[in-house]
Amino acid sequence: MAELPRYQPTGYLPADVPRLDFANIKESVAMTQGISAALDRLSNFAFKEAEERARREGMQYGAENMPSVEQVMTAMKEGKSPSELFAQPGTAFGDAARKIQAGQLRNELEVLGRQELSRLSASLDTGALGLNEVQTTIKSLTAGYARAISAVDAEEGLKFRSSMATAGNAVYVKATENFAKIVVQEKIALADNAIASSATIIADTLKAENDPKILADRIQLERIRVFNIAMETGNPEFVKSTREEFNKRVLNAVVDYTLSPTFADTPSQAIKLIESGNFGKLSELMKTVDRNKLKKAYIERSG
């Protein structure tokens, strides 16, 4: 059988196949890409311009079509959301319009809120409102208006709360100061009544009690009672004046007693007893009374 011829390597490599470079195609592609990028930029510019125009128109619309405060508060009273009265969000036009409307609503409610706080502040001067009532009024006023604003724009609602918190705090501070003054005035009145009644109590004690120790102790208890009431005012000057007034009443009561026949038959005898320190049942009490002041007051009173 005849043998078929076989491939024999020659040892030579074939030459490189030349590459085809279509310059015109590359240029066309580059041009297409450039045009596409330019169209994209133009499209973006046109979109931004349209968005900006819509935003400006929305701001104008919001300024010219503002729901009234009465409409907003009526909607809330009826259990409706005031949000429905305002431009709807979701578009450049709607967002811009709603933001302007919410800002205007906040401004109007701030004016109303501050007017109410001003009236509340004025009422504090009459003492017609208690501290708790003032605090409750401020909180309900702020919360009610803030809820209406937040239903439209949460950010504007926060701004309103911040502003009203500052104004409301000023009113509350005034209320606390007024309340403190009223409390002090009441305690001063109570202390004055205690001082007024102490004169009778001291005089009656000097007449009724014969035991020097018991007599002095009872006067001291009355002294402590009056001083404690005065101390509650927190007014150092008033405490000082109360102490001086009580001591004066004790001195007057002692003078009244020394002028009576129970102490001495004659003024000269009374002076001798005072100078010698012989006060009988008043001996313990006189440890708290200035003897020289007593002698001077006795002479002035006895003529």
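In case you missed it, the structure is sitting above this.
Residues numbered from 1 in each chain as written. Predicted model: local features only at pLDDT ≥ 70, side-chain atom pairs only at ≥ 80, totals over all residues. Heavy atoms only, no water.

Help me understand helix H4 (residues 131-150) in this model?
Working note: α-helix, 3.6 residues per turn, so residues spaced by three or four point in the same direction. Here H4 spans 28 Å end to end across 20 residues, near enough to the 28 Å set by a 1.5 Å rise per residue. Where H4 is concerned, the buried positions are Leu 131, Val 134, Ile 138, Leu 141, Thr 142, Gly 144, Tyr 145, Ala 146, Ala 148 and Ile 149. Looking at the buried positions of H4, the neighbouring elements they touch are helix H2 (69-77), helix H3 (92-124) and helix H5 (154-208). (Helix = DSSP H or I, 4+ residues; strand = E, 2+ residues; numbered from the N terminus. Expected span 1.5 Å × (residues − 1). Buried < 20%, exposed > 50% of the residue type's maximum accessible area, 1.4 Å probe, protein only. Contact = heavy atoms within 4.5 Å.)

Just to check I follow, could you spell out the packing of aromatic side chains for this structure?
With the rule as written, the count across this model stands at 5 aromatic pairs. Plain terms: the ring middles of Tyr 61 and Phe 93 are 5.5 Å apart, the flat faces sit at 45° to each other, and that makes the pair tilted. Within this pair, whereas Tyr 61 is found in helix H1 (residues 23-64), its partner Phe 93 is found in helix H3, the two being separated by 32 residues in sequence. Under the relative-accessibility criterion, Tyr 61 is labelled partly exposed at 36%. Its relative accessible area of 31% is what places Phe 93 among the partly exposed residues. Judged by centre distance (6.4 Å) and plane angle (20°), the rings of Phe 263 and Phe 279 are stacked. (Phe/Tyr/Trp six-rings, centres within 6.5 Å; stacked < 30°, edge-to-face > 60°.)

Honestly, the packing of H2 against H4 in this entry has me stumped. Any pointers?
Relative orientation and spacing of two packed helices are given, respectively, by the angle between their axes and the distance between those axes. Between H2 and H4, the shortest axis-to-axis distance is 11 Å and the interhelical angle comes to 100°. In terms of orientation, H2 and H4 fall into the roughly perpendicular class. Touching Val 72, Met 73 and Met 76 of H2 are Gly 144, Tyr 145, Arg 147 and Ala 148, all from H4. Of the residues belonging to the contact of H2 with H4, the class tally is 5 nonpolar, 1 polar and 1 charged. (Axes fitted to C-alpha atoms, helices over the stretch in contact; angles between N-to-C directions. Parallel < 35°, antiparallel > 145°, perpendicular 65-115°, else oblique. Nonpolar A, V, L, I, M, F, W, Y, C, P; charged D, E, K, R; others polar.)

Hey, could you run me through the packing of H5 against helix H6 (residues 212-231) in this one?
Interaxial distance between H5 and H6 falls to 9 Å at its minimum, and their mutual angle equals 170°. Judged by the angle between their axes, H5 and H6 are roughly antiparallel. Contacts between H5 and H6 involve Lys 187, Leu 190, Ala 191, Ala 194, Ile 195, Ser 197, Ser 198, Ile 201, Ile 202, Thr 205 and Leu 206 on the former and, on the latter, Leu 215, Arg 218, Ile 219, Glu 222, Arg 225, Val 226, Ile 229 and Ala 230. Broken down by class, the residue content of the contact of H5 with H6 amounts to 12 nonpolar, 3 polar and 4 charged.

Explain the side chain of Ser 83 to me, please; I cannot follow it from the model alone.
Considering the arrangement of structural elements, one finds Ser 83 in the loop between H2 and H3. Since its relative accessible area comes to 16%, Ser 83 is described here as buried. Looking at Ser 83, its side chain comes within polar contact range of the side chain of Arg 98, at 2.4 Å. If sequence neighbours within four positions are ignored, Ser 83 has contacts with Gln 88, Arg 98, Ala 151 and Val 152. (Polar contact = N/O pair within 3.5 Å; in protein donor to acceptor, adjacent residues only side chain to side chain.)

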